[in-house]
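Summary of structural features
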Amino acid sequence: MAFELPALPYDHAALEPHIDKQTMEIHHGKHHKAYVDNLNKALDGQAALAAKPLDALIADLGAVPDAIRAAVRNNGGGHWNHSLFWKLMAPKAGGEPKGAVADAIQRDFGSFAVFQEKFGEAATKRFGSGWVWLCLSAEKKLVISSTANQDNPLMGQAVAGCAGKPVLALDVWEHAYYLKYQNRRADYVKAFWNVVNWAEVERLFKGGK
Ligand code: MN3
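A brief report on the enclosed structure follows. None of these values were measured; they are calculated from a predicted model. (Residues numbered from 1 in each chain as written. Predicted model: local features only at pLDDT ≥ 70, side-chain atom pairs only at ≥ 80, totals over all residues. Heavy atoms only, no water.)

Focus: the overall build of the protein chain
- Counting its secondary structure elements, the protein chain contains 10 helices and three strands.
- Start at the N end of the protein chain and walk to the C end: the helices and strands fall as α-α-α-α-α-α-β-β-α-β-α-α-α.
- For 209 residues, the compact-globule formula gives about 17 Å, and the C-alpha radius of gyration of the protein chain, at 17 Å, lands near that figure.
- Based on the C-alpha atoms only, the size of the protein chain along its principal axes is roughly 50 × 40 × 30 Å.
- By residue count, 48% of the 209 residues in the protein chain fall in the buried class.
- Taking contacts inside the protein chain between residues at least 6 apart in sequence as the whole, the part at least 24 apart equals 67%.
- Summing over all exposed atoms, the protein chain offers an accessible surface of approximately 9900 Å²; the carbon and sulfur share of this is 54%.
- Distance between charge centres in the protein chain, computed from 24 positive and 22 negative side chains, equals 2 Å. (Helix = DSSP H or I, 4+ residues; strand = E, 2+ residues; numbered from the N terminus. Rg over C-alpha atoms; globule rule 2.2 N^0.38 Å. Buried < 20%, exposed > 50% of the residue type's maximum accessible area, 1.4 Å probe, protein only. Contact = heavy atoms within 4.5 Å. Areas by Shrake-Rupley, 256 points an atom, 1.4 Å probe, with all protein chains shown as cover. Lys, Arg positive; Asp, Glu negative; His and termini not counted. Charge placed at Lys NZ, Arg CZ, Asp CG, Glu CD.)

If you want it as structure tokens, here you go:
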């Protein structure tokens, strides 16, 4: 069974005016699709690896042959990251979280405002292309980190430079915002807060897959 591009859980225009329709069309239909296609291409003839669930595949890159490891890391990471990212946004969403994740943000950052500031700082400071993460650590603490390219915390400390279970993610590749925001990454980050699907963040925080 080859990996497949998941459908967007809403219309391409549903996140307007914060994330524009054309960006969503290209981001999902071209960029994400290319990660899926290139992952399948890399795994051609690798039946055992191709049969693994995606999270298990990218969490154990040591099991991937040298010749295709970079391709699996980049494209498997790209597929996993974007599949998560679409669900972390929603129309008529955003604002402040409620419930258990709100309490944990308060506990680990002092306030929602401080958390937003630190997450935004990680986003603007990430040089080049990458992602910003809010993860639940092994000690059950919420931590902010960022990775380059399509790396993610599932790949572990040694590969990605961070670890933990992602509960919130932000794509800071230029392809995620350039059409509408050009070089203004900080404005894109500000807009992101209007579309965060906190119900999904809460579900992941509570142990959902
Ligand atoms: Mn992207």
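Concerning the pairing of strand S2 (residues 142-148)
- Here seven bridges tie strand S1 (residues 130-136) to S2, and the two strands are oriented antiparallel to one another. When the bridges of S2 are listed, Cys135 appears paired with Val143.
- Hairpin connection, S1 to S2: the antiparallel pair is bridged by five residues, and Lys140 has positive phi, about 65 degrees. (Pairing = 2+ DSSP bridges.)

What to know about the pattern of salt bridges
- One pass over the structure, following the stated rule, counts 10 salt bridges.
- Between Arg184 and Asp187 there is a salt bridge, and its shortest N-O distance comes to 2.9 Å.
- Residue classification places Arg184 among the partly exposed positions, given a relative accessible area of 36%.
- Residue class for Asp187 comes out partly exposed when judged on its relative accessible area of 30%. (Salt bridge = Lys/Arg side-chain N within 4 Å of Asp/Glu carboxyl O.)

Notes on the coordination of the manganese ion
- Here the manganese ion is held by His27 (NE2), His82 (NE2), Asp171 (OD) and His175 (NE2), and the distances to it run 1.9 to 2.1 Å.
- Considered as a linear motif, the donors of the manganese ion on their single chain read H-x54-H-x88-D-x3-H. His175 shares its class with Asp171; the two are buried. (Donors = N, O, S within 2.8 Å, 3.2 Å for Na, K, Ca; no water.)

Comments concerning the packing of helix H1 (residues 21-42) against helix H4 (residues 66-87)
- Between H1 and H4, the least distance of the axes is 8 Å, while the angle of their chain directions is 145 degrees. For the crossing formed where H1 meets H4, the hand is left-handed. Listed contacts from H4 to Met24, His27, His28, His32, Ala34, Tyr35, Val36, Asn38, Leu39 and Ala42 of H1 are Ile68, Ala71, Val72, Asn74, Asn75, Gly76, Gly78, His79, His82, Ser83, Phe85 and Trp86. (Axes fitted to C-alpha atoms, helices over the stretch in contact; angles between N-to-C directions. Left-handed = near helix turned anticlockwise from the far one by under 90°.)

Points about the side chain of Glu202
- Relative to the helices and strands, Glu202 resides in helix H10 (residues 198-205).
- When its relative accessible area of 12% is taken as the criterion, Glu202 is described as buried.
- Here Glu202 is in contact with Lys98, Gly99, Ala100 and Val101, once residues within four sequence places are set aside.

Considering the nonpolar core
- The biggest cluster of nonpolar side chains holds 64 residues, and the ones touching the most others in it are Phe115, Leu142, Leu168 and Trp198.
- Phe115 has contacts with Ile105, Phe109, Leu134, Ile144, Leu168, Trp193 and Trp198, leaving out every residue within four places of it along the chain. (Core = buried A, V, L, I, M, F, W, Y, C linked by side-chain atoms within 4.5 Å.)

A few points about the environment of Gly94
- Residue position: Gly94 is located in the loop between H4 and helix H5 (99-109).
- In sequence terms Gly94 and Val196 are 102 residues apart; their C-alpha atoms lie 4.5 Å from each other.
- Each residue touching Gly94, except ones within four places of it in the same chain, is listed here: Trp193, Asn194, Val195, Val196 and Trp198.

Some words on the sheet that holds strand S3 (residues 165-171)
- Strand order in the open sheet formed by three strands is S2-S1-S3, with antiparallel pairing between adjacent strands. The sheet is open, and its two borders are formed by S2 and S3, each paired with just one other strand. On average, each strand axis in the sheet is tilted by 25 degrees relative to the strand beside it, whichever way the strands run.
- As judged from the six bridges shared by S1 and S3, these two strands associate in the antiparallel manner. Bridging across to S3, Leu136 finds its partner in Lys165.
- This element, H4, spans S1 and S3 of the sheet and lies at about 90 degrees to S3.

Treat this as a map of the structure, not an account of what it does.
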